[in-house]
Amino acid sequence: IHMEGSKKSDSRGALIVLEGLDRCGKTSQCSRLLSSLEKSGHAVESWRFPDRNTGVGQMISSYLANDSHLDDRAIHLLFSANRWEKRSLMESKLRSGTSLIVDRYSFSGVAFSSAKGLDMEWCKAPEVGLLAPDLVVYLEISPEQAAERGGYGGERYEKLEFQKRVAESYKTLRDATWKIIDATLPIEDVEKQLREIVMECVLTCGEGKPLSELWP
Ligand code: DGP
Ligand code: NA
Ligand code: NA
């Protein structure tokens, strides 16, 4: 057993996931959170899914840009594979004490694919066995308000009618453990609420909360 000072041997990093509709402000909140945790001396990395840098990620990126067309189930499984290919690295980072702030995870997988009409249980199945987050924060905004935010970037899913269905899917998917933040508040207020929730989670994981797997 390796003991580092007074740190318990089962001390680990926290797996923190941010979810929400497109244009909810997730990505800027992830980077603000990263700098504030780094400043306070925490070992932390910012990740995002899809990770467009892998081979699978490039197929996803081309699909999202409407440069390729894929069967709804086929693309669902690619998004899932994109999370699986990062699973072992994710686990070793967490076990070595690094916290991960993850911009989208399995919940996006289920919310976006089930918004196309795929069965939710079918959508969840390939995610079984991925690491379960210690914290899911949902940045809540109405699809209409999100659409007003400087317009969408033009990727496949960035359309009001589709985002309305994604919002409904997220409502079905979320449980009492999710933390909901009003994403229409000023950016600094969202940041402050997020930091408080996350700090508590990081402490709990540092005290040796065991890792678990989806779905809880
Ligand atoms: P982002 O890089 O966060 O803008 O995500 C790209 C788009 O892909 C966004 O509209 C959300 C969607 N998305 C993210 N993960 C998944 C997934 O696992 N499955 C599906 N179908 N869509 C996803
Ligand atoms: Na997007
Ligand atoms: Na994803």
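For the structure itself, look to the data block above.
Presented here is a report on the structure given in the accompanying data block. (Residues numbered from 1 in each chain as written. Chains lettered and ligands numbered in written order. Predicted model: local features only at pLDDT ≥ 70, side-chain atom pairs only at ≥ 80, totals over all residues. Heavy atoms only, no water.)

**What to know about the side chain of Thr-98**
Put simply, the rule reads: Secondary structure elements follow DSSP: runs of H or I no shorter than four residues count as helices, runs of E no shorter than two count as strands, and numbering proceeds from the N terminus. Summary of the burial criterion: residues with accessible area below 20% of their type's maximum are buried, those above 50% are exposed, and those between are partly exposed, where the area comes from a 1.4 Å probe applied to protein chains only. Throughout, a contact is declared for two residues whenever any of their heavy atoms are within 4.5 Å.
Structurally, Thr-98 can be placed in the loop between helix H4 (87–95) and strand S3 (99–103). Given a relative accessible area of 13%, Thr-98 falls into the buried group. Apart from the residues lying within four places of it in its own chain, the contact partners of Thr-98 are Gly-13, Ala-14, Ala-43, Val-44, Glu-45 and Lys-93.

**A look at the nonpolar core**
To be explicit about the condition: Grouping buried Ala, Val, Leu, Ile, Met, Phe, Trp, Tyr and Cys residues that are joined through side-chain atoms within 4.5 Å yields what is termed a nonpolar core.
Grouped together as the largest cluster of nonpolar side chains are 62 residues, with contacts concentrated most on Met-90, Val-102, Tyr-105, Phe-107 and Tyr-170. Here this core gets six residues from one element, more than from any other, and that element is helix H9 (residues 187–206). Contacts of Tyr-170, omitting those with residues within four sequence positions, involve Glu-19, Gly-20, Leu-21, Arg-104, Phe-107, Ser-108, Ala-111, Phe-112, Tyr-138 and Trp-178.

**A short note on the coordination of the sodium ion (ligand 2)**
Under the convention used in this document: The rule for donors is simple: an N, O or S atom within 2.8 Å of the metal counts, and for Na, K and Ca the reach is 3.2 Å. Water is not among the atoms, so a site may look short of donors.
Protein-derived ligands of the sodium ion (ligand 2) are Asp-22 (OD) and Glu-158 (OE), with the metal-ligand distances lying across 2.6 to 2.7 Å. One end of the pair, Asp-22, is in the loop between strand S1 (15–19) and helix H1 (26–39); the other, Glu-158, is in the loop between helix H7 (143–148) and helix H8 (160–173), and 136 residues separate them in sequence. The buried category is assigned to Asp-22, whose relative accessible area is 15%. Here Glu-158 falls in the buried class, since its relative accessible area comes to 16%.

**Quick notes on H4**
To keep things clear, this is the line we draw: Here the arc refers to the directions that run from the helix axis out to each C-beta atom.
Buried within H4 are the following residues: Arg-87, Met-90 and Leu-94. Buried residues in H4, looked at end-on, bunch into an arc of 60 degrees, giving them a common side. Exposed side chains of H4 directed beyond 90 degrees from the buried face belong to Ser-88 and Arg-95. Packed against the buried residues of H4 are S1, strand S2 (44–48), helix H3 (72–84) and S3. Count one or two residues on from H4 and you reach Gly-97, which has phi positive near 100 degrees.

**Re the sheet that holds S2**
Short version of the rule: Whether two strands pair depends on DSSP finding at least two bridges between them. Axis definition: a line fitted to C-alpha atoms, limited for helices to the stretch in contact. Angles are taken between N-to-C directions and run from 0 to 180 degrees.
Overall, parallel pairing links the five strands, which are arranged S2-S3-S1-S4-S5 in an open sheet. The sheet is open, and its two edges are formed by S2 and strand S5 (179–182), each paired on a single side. Averaged over all pairs of adjacent strands, the angle between their axes in this sheet comes to 20 degrees, without regard to strand direction. Direction of pairing for S1 relative to strand S4 (residues 135–140): parallel, over a ladder of four bridges. Its bridge partner being in S4, Leu-18 is matched across the sheet by Val-137.

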